[in-house]
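Below, each chain spelled out in residue letters.
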Amino acid sequence: MRTDDDATPSGDVRRAEYRGPEPVPGNPLRALFSAALWRGCAHLATDAVAGLAGLGAILLLLIAVCLVPLALIGVPLGVTGGSLLFLLGDLERTRFAVTCRLYLPPVRRPDVTQSPGRASVALLTARATWRQAGYFVLLVPVACGTFVGVVLAWAMPLTLLFLPFYYRQLPSGRADVGPLTITNAGSAIAVAAVALLIGSLGTPLVVRALLAVDVFLARRLLAAPPREALTERVERLTESRARVLDAAEEERRRIERDLHDGAQQQLVAMQMTLGRLRSRMKSAGDAEGLALVDDARREARQAIGELRDLTRGLHPPVLTDRGLDAALSAIAARAPVPVTVDVQVEPRPSITIEAIAYFVVTEALTNVAKHAAAERAWVTIRRAGDRLLLTICDDGRGGATPEHGTGLAGLADRVAGVDGSLHVTSPAGGPTSIEVELPCDS
C-alpha cells in the first residue's frame, strides 16, 4: 500500500539511494560522449564553492559556542549557524542529485521551533550537525585536489593538442615537452596525436576516480546512516498510523454526536408528539386510532433503544465525559454475568487508547457471556508509567484461542494497531485470562 510518506520527495530519495550515482562509463571513448562525464566535471569544479560556504557556517557555529556565556548573542547565533549548516547540507545533497544522480537520504533536523536556548542545545548536541560539519571541513582539502586534478586532466591534453599551431610563436621558437624539444611541425603533430590519445583515454578515468572520492565522502558523512534512516522511517510511519487512528476515533465520535443530537432527538420528539396524540384520541374515544398510535410509540421506543446501542458501540459519551471507570461500570451493570470492575488510571490516557481499552473489554465480556458459561468475571485496569495494563478474567470453561473465531483475533488486531500486545491464557476447563498492554502517549 502506498502511504503519504512514500509520495514525498524524501521517500523517493530513500528508495533511490541505492541506484546512484550514475557512473562515468568505463569505456573512455563512450565516456567522452556521456553526459555523466560533463556533469561530473561540473560537480568537481564547484566542490570548492560548497566547501568554503560550509566553512563559513562552521565558523559561525564555533563563534556561537564561544559566545554561549553571552546568551543574548551566542544562543541566537548558534541557532542561525546550525540552521545554515543544515541548509547547506540540503543544497549539497541536491547538488549530488543533479550532477551525479546520487540520491542521499536527508539527515534528521533537530527541532528549532522550541525556545532559542533549547533549539541551540539541540543543534549543538545533534550528531547530524557534527557529521555535516566534518563533511564540509574535509571537503575543502578534497576540493583543492579535485579542482587541480580536473583542470590538469583537461588542460594538459588540450594544451599539447594545439601545440602545432603555437610552438613557433614561443619566444625561443621551440617548445620543451619533458625531455623532448619540439622544433618542427612533424614532431609537434606527433606530440599532439599522443596527447589526444592519452587525454581521450586518461581524462575520463581521472574524472571517474575523483568523483569516487567525492561520493565516498558524501555517503559517509553527508547522508543519514542506514540505521538512522530506517529508524526515522519507522517513526514517521508510526506517527502517520497514530494520526490515522486518532482521525478514525474522532470520526466515530462525530458520528455518535450526529446520531445523538440529530436522529435520536427527532425520534424522542416524535414519541412525545405521539403521546400527545394518544391523549387526544383517548379523549375522543377512537379505539382503533389509539391502537395504531400505541404501535407507533412502541416502534419509536424500540428505534431509540437500538440507536442508543449503536451510538454506544461507536463511542459512548460517558467514556469521553467520565473515563474508563464509569464507562466500564455501565457495561458491567448491563452484563448477564456479574462483573467486578477495578480501574485505577491516573492520568487518563489519550482518547484513542481509552477507546481501544473500552472496546477490548466490552468485546471480551461479550465473549464471556456467549461462550464461557462463566458465573463471574473480573476486569482490572492499571496504568504503569507509559503503559496501560488490562486484565479480563472469568471462571468459565476455558479453551478460548484467537484461532477459534471467538473474536479474540479481532481484539489482537485492534491492540496491535497501536503497538500493543494481547496474551490469552485459557486452558480447557478454565479459567480464562486475557492480558492486554497498550502504550500511553500522554
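A.B. asks: Honestly, the pairing of strand β5 (residues 387-394) in this entry has me stumped. Any pointers?
C.D. replies: Within a regular strand, the side chains alternate between the two sheet faces. The two faces of β5 differ: Leu388, Leu390, Ile392 and Asp394 on one face are buried, but Arg387, Leu389, Thr391 and Cys393 on the other face are not. With antiparallel pairing between neighbouring strands as the criterion, strand β4 (residues 377-384) and β5 make up a hairpin whose turn holds two residues, including Gly385 at a positive phi of roughly 65°. Of the pairings in the sheet, the one linking β5 to strand β7 (residues 432-439) comprises eight bridges and is antiparallel in character. Bridge assignment links Leu389 to a residue of β7, and that residue is Glu437.

A.B. asks: I tried to follow the side chain of Thr146 on my own but got confused; where do I start?
C.D. replies: In this structure, Thr146 sits in helix α8 (residues 127-161). Polar side-chain contacts of Thr146 include one of 3.3 Å to the side chain of Asp47. Residues within four places of Thr146 in sequence aside, it is in contact with Leu44, Asp47, Leu210 and Asp214.

A.B. asks: In this structure, what is going on with the pairing of β7? I would like to understand it.
C.D. replies: Counting buried residues in β7 gives six out of eight residues, a clear majority hidden from the surface. Sheet analysis places strand β6 (residues 421-425) next to β7, joined by five bridges and oriented antiparallel. Note that in β7 the partner of Leu422 across the bridge is Val436. Hairpin connection, β6 to β7: the antiparallel pair is bridged by six residues, and Gly429 has positive phi, about 95°.

A.B. asks: Hey, could you run me through the pattern of salt bridges in this one?
C.D. replies: As a working rule, side chains carrying opposite charge can pair if their charged atoms are close by. Under the criterion given, the structure shown has six salt bridges. Salt-bridge contacts for Asp90 lead to Arg93; the nearest nitrogen and oxygen are separated by 2.6 Å. With Asp90 and Arg93 both in helix α6 (residues 71-99) and three residues apart, this pair spans about one turn of that helix. Overall, Asp90 belongs to the partly exposed group, its relative accessible area being 26%. As a salt-bridge pair, Asp342 and Arg382 come within 2.6 Å of each other at their nearest N and O atoms. Taken together, the positions of Asp342 in strand β3 (residues 339-344) and Arg382 in strand β4 put the pair 40 residues apart, joining distant regions of the chain. The class for Asp342 is partly exposed, based on a relative accessible area of 28%. For Arg382, a relative accessible area of 27% corresponds to the partly exposed category. When salt bridges that share partners are traced, they join Asp47, Glu92 and Arg95 into one network.

A.B. asks: Honestly, helix α7 (residues 116-125) in this entry has me stumped. Any pointers?
C.D. replies: Helical geometry note: an α-helix holds 3.6 residues per turn, so side chains three or four residues apart project in the same direction. The set of residues buried in α7 consists of Ala119, Ser120 and Leu123. Considered in projection along α7, the buried side chains sweep an arc of 100° and stay on one side of the axis. Opposite the packed face of α7, turned more than 90 degrees from it, sit the exposed residues Arg118 and Thr125.

A.B. asks: Looking at this structure, I do not really get the sheet that holds β7. What am I missing?
C.D. replies: For sheets, the rule is that strands pair by backbone hydrogen bonds, running either parallel or antiparallel. As summarised here, the arrangement of the five strands in space is β3-β4-β5-β7-β6, forming an open sheet in which the pairing is mixed. Edge positions in the sheet fall to β3 and β6, since each has one partner strand and no second. Between one strand axis and the next, the sheet turns by 10° as a mean value, whatever way the strands run. Lying over the sheet, helix α14 (residues 324-334) contacts β3, β4 and β5, oriented at roughly 175° with respect to β3. Lying over the sheet, helix α16 (residues 408-416) contacts β6 and β7, oriented at roughly 150° with respect to β6.

What counts and how
- Residues numbered from 1 in each chain as written.
- Predicted model: local features only at pLDDT ≥ 70, side-chain atom pairs only at ≥ 80, totals over all residues.
- Heavy atoms only, no water.
- Buried < 20%, exposed > 50% of the residue type's maximum accessible area, 1.4 Å probe, protein only.
- Helix = DSSP H or I, 4+ residues; strand = E, 2+ residues; numbered from the N terminus.
- Pairing = 2+ DSSP bridges.
- Polar contact = N/O pair within 3.5 Å; in protein donor to acceptor, adjacent residues only side chain to side chain.
- Contact = heavy atoms within 4.5 Å.
- Salt bridge = Lys/Arg side-chain N within 4 Å of Asp/Glu carboxyl O.
- Arc of directions from axis to C-beta.
- Axes fitted to C-alpha atoms, helices over the stretch in contact; angles between N-to-C directions.

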